[in-house]
Each structure stands twice: as structure tokens, then as C-alpha cells.
Amino acid sequence: AQSVTQLDSHVSVSEGTPVLLRCNYSSSYSPSLFWYVQHPNKGLQLLLKYTSAATLVKGINGFEAEFKKSETSFHLTKPSAHMSDAAEYFCVVRDPFYKLSFGAGTTVTVRA
Amino acid sequence: DTGVSQNPRHKITKRGQNVTFRCDPISEHNRLYWYRQTLGQGPEFLTYFQNEAQLEKSRLLSDRFSAERPKGSFSTLEIQRTEQGDSAMYLCASSLERGQVGPEAFFGQGTRLTVV
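A brief structural summary.

## Details of the interface of chain A and chain B
- In this complex, chain A contributes 20 residues to the contact, which on the side of chain B involves 22 residues.
- Summed over both sides, the interface between chain A and chain B buries roughly 1700 Å², with carbon and sulfur atoms accounting for 54% of that surface.
- Looking at the side of chain A facing chain B, the largest losses of area belong to Leu44(A), Arg94(A) and Tyr98(A), adding up to 32% of the total buried there.
- Our enumeration of links across chain A and chain B arrives at 1 salt bridge.
- With a shortest N-O distance of 3.2 Å, Arg94(A) and Glu97(B) are connected by a salt bridge.
- Those elements that place two or more of their residues in the side of chain A that touches chain B are strand S5 (32-38), strand S6 (44-50), strand S10 (87-94) and strand S11 (100-102) of chain A.
- For the side of chain A that touches chain B, the leading source of residues is S5(A), giving 4 residues.
- Grouping the amino acids of the side of chain A that touches chain B by side-chain chemistry returns 10 nonpolar, 6 polar and 4 charged.

Pasting the structure below:
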């Protein structure tokens, strides 16, 4: 069995300040982990993925995430938020066969 | 546009009516998935296809739901005798599975169903 818990349902940051979105996972397997972003009226877009290579993963638009097995965490960060980062973010775990399990999502608001 | 395409984008239907959604995956992708997303929640797995074979169905998929993927290309999701609880965003995704670890799933923009 596998599951994902996103620890914050809503994060509000000022433009130019760091963003931290927290995610903890549970998996019976060696997990593949993903972060997806969903802008209003747009499809889910992959930000980055971890597949057992480097534990620090760099993605698009300046985002990165660090896989910490001892803490079962996969937190997403960005050093400087931009207005265009306002969106819904999903942490996702995939089992070895096919199934993606999504967290409940974190809504990011960026203040000017 | 070579991404995953879903039609229609929006559907409003009366309770009890049947509806059908279509998904056109990225052309060479052998896996196709259907997910459902309700307001304030992450997407939940409904079913998936490996080429034309439907290999798994979630318990969320009641007998009123049926999905097909003839010839392993586009897929349809039909809901019979719709209920208000069926109101949600229905998402389609596809991926190319070649035995690699963690292939990326590409999502369409979804079909938003409202049952009135």
C-alpha cells in the first residue's frame, strides 16, 4: 500500500521569498515520487520526479525537491517565489506497476 | 498540439442521463489512465489500460461506469444514469511504459461534469 500526506493545505508567500511545500509518503516499495502543478483551467504538469537516482532533484521553473528516506519525506522548495507560481501543487507516489496516488494538494498564493 | 486531448471540456447533464467522454492520448503511449478529481481533493485512480486491455478498475468505478480503449488508441469513459455525486473533473493521462523506472504520466486538461 502507498499513500501521500501533504502537510499544508494552503501556503501563502510574498513574491521573492522562499517557498516550501511539505510532503510525507508511505510505500511498501522503493518509491517513485513526483510533484505536479495544476494551474486554473490547465492540465496537471510535471514539475520534477525522483526515481532512485540523486536524492536532490531539480525540476522546471526553479523548483527542486529532496528525497529523505529516513524521514519518508519529499519536500518541494523554490528559493524565490514568482507571481506565476500561484497554483495547486500535488505530491504523488507511484508503485512499481502503474498506480499514481495523489496527495490532497497544497494551494499556493503569492502576494505582491 | 501533441499532448493528451480530452473532449468535451465541460458537460452539464440532468440526473439520470448517460454521458460519454473521450480521451486521445499521446500517439505512441501504450498506457492510458482515467482519474477523477473532486473539489479540494487530489485526483483518484479509476482505471487503466495497457494498449487495448483494461487491466485494473478501482472500487470507485461502480457498475454505472464503463471504459473502453478500442484498438489501443483513444479511450471513452461512459457514465450511465448519472447521479449528482458523479459531478467532478475526469482526467485522462497517458504514458509510455518500456520497463523503465517511474515513467512520466502526461495529463489532459480534463472534462468537468456537472450533474443537475
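## Observations concerning the environment of His29(B)
Residue and element names in this part refer to chain B.
- Mapped onto the elements, His-29 comes out in the loop between strand S3 (19-24) and strand S4 (31-37).
- For His-29 and Ser-58, which are 29 residues apart along the polypeptide, the C-alpha to C-alpha distance reads 21 Å.
- For His-29, the residues in contact, after removing those within four places along its chain, are Arg-69, Ser-94, Ser-95, Leu-96 and Phe-106.

## A word on the state of the cysteines
All names here are of chain A.
- The final tally for this structure, using the stated rule, is 2 disulfides over all chains.
- One disulfide in the model links Cys-23 with Cys-91; its S-S distance is 2.0 Å. Of note, the bridge from Cys-23 to Cys-91 carries an S-S torsion of about -70 degrees and is left-handed in sense. Residue Cys-23 is found in strand S4 (residues 23-27), and its partner Cys-91 is found in strand S10; the two are separated by 68 residues along the sequence. When sorted by exposure, Cys-23 lands in the same class as Cys-91, which is buried.

Cut-offs used in this document
Residues numbered from 1 in each chain as written. Chains lettered and ligands numbered in written order. Predicted model: local features only at pLDDT ≥ 70, side-chain atom pairs only at ≥ 80, totals over all residues. Heavy atoms only, no water. Contact = heavy atoms within 4.5 Å. Buried area = accessible area lost by both parts, 1.4 Å probe. Salt bridge = Lys/Arg side-chain N within 4 Å of Asp/Glu carboxyl O. Helix = DSSP H or I, 4+ residues; strand = E, 2+ residues; numbered from the N terminus. Nonpolar A, V, L, I, M, F, W, Y, C, P; charged D, E, K, R; others polar. Disulfide = S-S within 2.5 Å. Buried < 20%, exposed > 50% of the residue type's maximum accessible area, 1.4 Å probe, protein only.

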